[in-house]
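Breakdown of the fold
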Amino acid sequence: MRAALAASLAFLLASAIAVPVRAAAAVVVASKIDTEGALLGNIIAVLLQRDGIAIDNKLQLGPTQIVRRAILAGQIDIYPEYTGNGAIFFGREADPIWHDAAKSYAAVKSLDHAQNNLIWLAPAPANNSWAIALRRDVATAQHLASLADLAAYAVRGETIRLAASAEFVESPGALPAFEKAYGFTLTRSQLLTLVGGDTSATIRAAAEGISGVNAAMAYGTDGALAALGLVVLADDKHAQTVYQPAPVIRGAVLAEHPEIAALLDPAFQSLTLATLQQLNAKIAVDGDDAAAVATDYLQANGFLK
């Protein structure tokens, strides 16, 4: 009897001990492998750690498909993703809602919660979609601030030469979408198609005026844009899918740590397009450590206790 009672007490004690250990398990924080992934992942990691939440650092884990599979499998708990990728995740690329920031966020938030119990927290008010950037001296002198301005400039026969990848030139959702929305066409002689077409190469070509280039394929939050004297032209007609970054967290983990939303939402909501360009430049151009850049930004803006 005593042996049975002792065994029962031991079992209950072990069960009681097991619960806190499980609740205190580290939150696995991941990100994509690129510069902005490192920045945003570190913002998440620093905020959680400073609030006393233990983390397991899996930053710069890999490209989109790797990180997405990992969170669906429960191998990671939280990472920054882009709203526009919801079109791909759920096979809805043809739906026009992905061209509207508010609608695309609402859609991916609802779909991922319902199908995967993944929760999208507040997005940054910045769009990292494909863009056309122009040399600042040209934009200023010709009063070009938007793609509508560029279209009028092109129709007048003014000098435009765009550096881009073959994908950007040929993909229906890239340059052809801009041309269709704004009513202009760039001829073959107005295009410098670069092999590979990484945005760092296209931006540098425009900045240095290589082969007469004064415009470049870019991503909206590219860090080198400001550093190299280029400006992103506004896509007022929303020709491109909107890619706003936001933390995505497993529902079970958010239930254990409901304070995470209040920690992350204000910080991400402060990340404007210009802010992300500047922070990305510190990493990609100046060579600063991503964790240090994230920490300095959070400290300077009052997000750290």
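Residues numbered from 1 in each chain as written. Predicted model: local features only at pLDDT ≥ 70, side-chain atom pairs only at ≥ 80, totals over all residues. Heavy atoms only, no water.

The next thing to look at is the side chain of Glu81. Mapped onto the elements, Glu81 comes out in strand 3 (residues 78-82). You can call Glu81 buried: its relative accessible area is 0%. Reaching out from Glu81, the side chain makes a polar contact with the side chain of Asn85 at a distance of 2.8 Å. If we ignore the near neighbours within four places in the chain, the residues touching Glu81 are Lys32, Thr64, Phe89, Trp120, Gln244, Pro245, Ala246 and Val248. (Helix = DSSP H or I, 4+ residues; strand = E, 2+ residues; numbered from the N terminus. Buried < 20%, exposed > 50% of the residue type's maximum accessible area, 1.4 Å probe, protein only. Polar contact = N/O pair within 3.5 Å; in protein donor to acceptor, adjacent residues only side chain to side chain. Contact = heavy atoms within 4.5 Å.)

Bringing the pairing of strand 3 into the picture now. Burial runs high along strand 3: five of the five residues are buried. Side chains Ile78, Pro80 and Tyr82 of strand 3 all project onto a buried face; the interleaved residues Tyr79 and Glu81 project onto the opposite face, where all are buried too. The sheet contact formed by strand 3 and strand 10 (residues 245-250) spans five bridges and is antiparallel. Across the sheet, the residue bridging to Pro80 is Pro247, located in strand 10. (Pairing = 2+ DSSP bridges.)

Before going further, it helps to examine the sheet that holds strand 8 (residues 215-219). With mixed pairing, the five strands of this open sheet are ordered in space as 7-6-8-5-9. Of all the strands in the sheet, just strand 7 (191-194) and strand 9 (230-232) have a single pairing partner and so form its edges. Taking the axes of each pair of neighbouring strands and ignoring which way they run, one obtains an average angle of 40° across the sheet. With five bridges joining them, strand 5 (residues 130-135) and strand 8 adopt antiparallel strand pairing. Residue pairing in the sheet places Trp130 in a bridge with Tyr219 of strand 8. Helix 9 (residues 175-182) rests against strand 5, strand 6 (162-165) and strand 7 of the sheet, and its axis sits at about 75° to strand 5. (Axes fitted to C-alpha atoms, helices over the stretch in contact; angles between N-to-C directions.)

So far we have only geometry, and geometry alone does not tell us how the molecule works.
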